[in-house]
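So the chains spell out like this:
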Amino acid sequence: MTITAPQGFRAAGVTAGLKASGNPDLALVVNDGPSKAAAAVFTSNRVAAAPVHWSRQVVSDGRVDAVILNSGGANACTGPTGFQNTHSTAEKVAKVLGISATDVFVCSTGLIGEQLPMDKVLPGIEAAAAELSTDGGPAAGTAIMTTDSVPKSALFIGTDADGQEFSIGGIAKGAGMLAPGLATMLVVLTTDALVQPEMLDVVLRDATRVTFDRADSDGCMSTNDTVVLLASGASGAVPAAEVFGAGLTQVCAELARKLIADAEGASHDIAIRTFNAASEADAESVSRSVARSNLFKAAIFGKDPNWGRVLSAVGTTDAAFEPDKLNVAMNGVQICRNGSIGDDRSLVDLEPREVLVEIDLQAGDAEATIWTNDLTHDYVHENSAYSS
């Protein structure tokens, strides 16, 4: 049941008619409390969508009663009318639920630069409210999909120091425009633990930093990226920050991996682990540079263990390392040793879906892993025809 597995939540996913395909396109998630604590992180793209501007203000007081999400239209770069449409969306949710519009979080995803058909959105909200259920998590997860091929969800169950059980659920969408900026797509997380907004904000930022922030499919940052975390407190459990944070990170990591696994047209999921770095920042910088190399990504698509493309990407960073001490391994075969030729590259098997690239900087003891995917013909085809 994902986001409705934690106590205190209802959700729904309906077809409002926003998508030409006729697939579900409107989701509603409601926190019935008793607590309405919340935190969120958003894209750092300066060209941010109207729902992002609205929702930043909504969550600023640490309270969110409901989240309304539509797919089929990003409501980005739509001017004053687009912001008014976001406001109207929140007002409609508030009216049907009997809450304040300033406690309604709004998310949109889809094509940039087109106004939402409000004559479909507003009746869709009424339909979603009528369908709200404690079993509605999966339907909501389906309704937020755009180019995703499958819905994505995760669930964690833990206990506090007194043995009281709590859970954390999540749904996510995203198959393209996945690149970090505090968050990397649309994600709704729920928990029935009793956690204050201040702690929610800290643990959410810590979790996204090492999960969603390290899922980098194509280097393209969306205008709408949002991750929101709602806490109902309905279980009565009061977990310590480290316990709750570990569970939240587990959920976020699982969702991030599912996003990469469903990346548009991808045939390989690639983990780029940089270790023995002088700092975590260095390790992340190196891994991300390789992840954003189209030459490297195309080579993996062609099942070519071209380690020269890895080294050339590493060399563009300002990380601390000596070029003649770099080691690179692919799927367990060290094909580059001390900045030069290592084991025979023909020993590398790139047939499996998952690929592990390990870069040893021999400069310290820090590490970081970035997940990405290969660059395929299907990715180019899908994104060349996206708006048609």
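Rules used in this analysis
- Residues numbered from 1 in each chain as written.
- Predicted model: local features only at pLDDT ≥ 70, side-chain atom pairs only at ≥ 80, totals over all residues.
- Heavy atoms only, no water.
- Axes fitted to C-alpha atoms, helices over the stretch in contact; angles between N-to-C directions.
- Helix = DSSP H or I, 4+ residues; strand = E, 2+ residues; numbered from the N terminus.
- Parallel < 35°, antiparallel > 145°, perpendicular 65-115°, else oblique.
- Left-handed = near helix turned anticlockwise from the far one by under 90°.
- Contact = heavy atoms within 4.5 Å.
- Nonpolar A, V, L, I, M, F, W, Y, C, P; charged D, E, K, R; others polar.
- Core = buried A, V, L, I, M, F, W, Y, C linked by side-chain atoms within 4.5 Å.
- Buried < 20%, exposed > 50% of the residue type's maximum accessible area, 1.4 Å probe, protein only.
- UniProt positions renumbered as here; feature names shortened; annotations may be inferred.
- Polar contact = N/O pair within 3.5 Å; in protein donor to acceptor, adjacent residues only side chain to side chain.

Observations concerning the packing of helix H5 (residues 197–210) against helix H6 (residues 241–261)
It is the contact of H5 with H6, at a shortest axis distance of 9 Å, that shows an interaxial angle of 40°. Classified by the angle between their axes, H5 and H6 sit oblique to one another. The two elements H5 and H6 meet at a crossing, and its hand is right-handed. Taking contact as the criterion, the partners of Met199, Leu200, Val203, Leu204, Ala207 and Val210 in H5 are, on H6, Ala241, Phe244, Gly245, Leu248, Thr249 and Cys252. In the contact of H5 with H6, the residues fall into 10 nonpolar, 2 polar and no charged.

Considerations on the nonpolar core
Counting 50 residues, the largest nonpolar core has Val67, Leu69 and Phe105 as its most contacted members. The greatest single-element share of this core, amounting to 5 residues, is contributed by strand S2 (residues 26–31).

Quick word on the environment of valine 202
Examined against the element boundaries, valine 202 turns out to sit in helix H5. For the pair formed by valine 202 and alanine 241, sequence separation is 39 residues and the distance between their alpha carbons is 9.0 Å.

Description of the UniProt feature "binding site: substrate" (unreviewed entry) in the protein chain
Annotation from UniProt places "binding site: substrate" (unreviewed entry) at Thr146, Lys173, Thr184, Glu264, Asn383 and Ser388. Counting through the fold element by element, threonine 146 comes out in the loop between helix H4 (137–143) and strand S6 (152–159). When neighbours within four sequence positions are excluded, threonine 146 is seen to be in contact with Ser71, Gly72, Thr109, Gly110 and Lys173. Apart from the residues within four sequence positions on either side, lysine 173 is in contact with Thr109, Ile144, Met145, Thr146, Asp148, Met185, Leu186 and Leu259. One polar contact links lysine 173 to threonine 146, side chain to side chain, over a distance of 3.0 Å.

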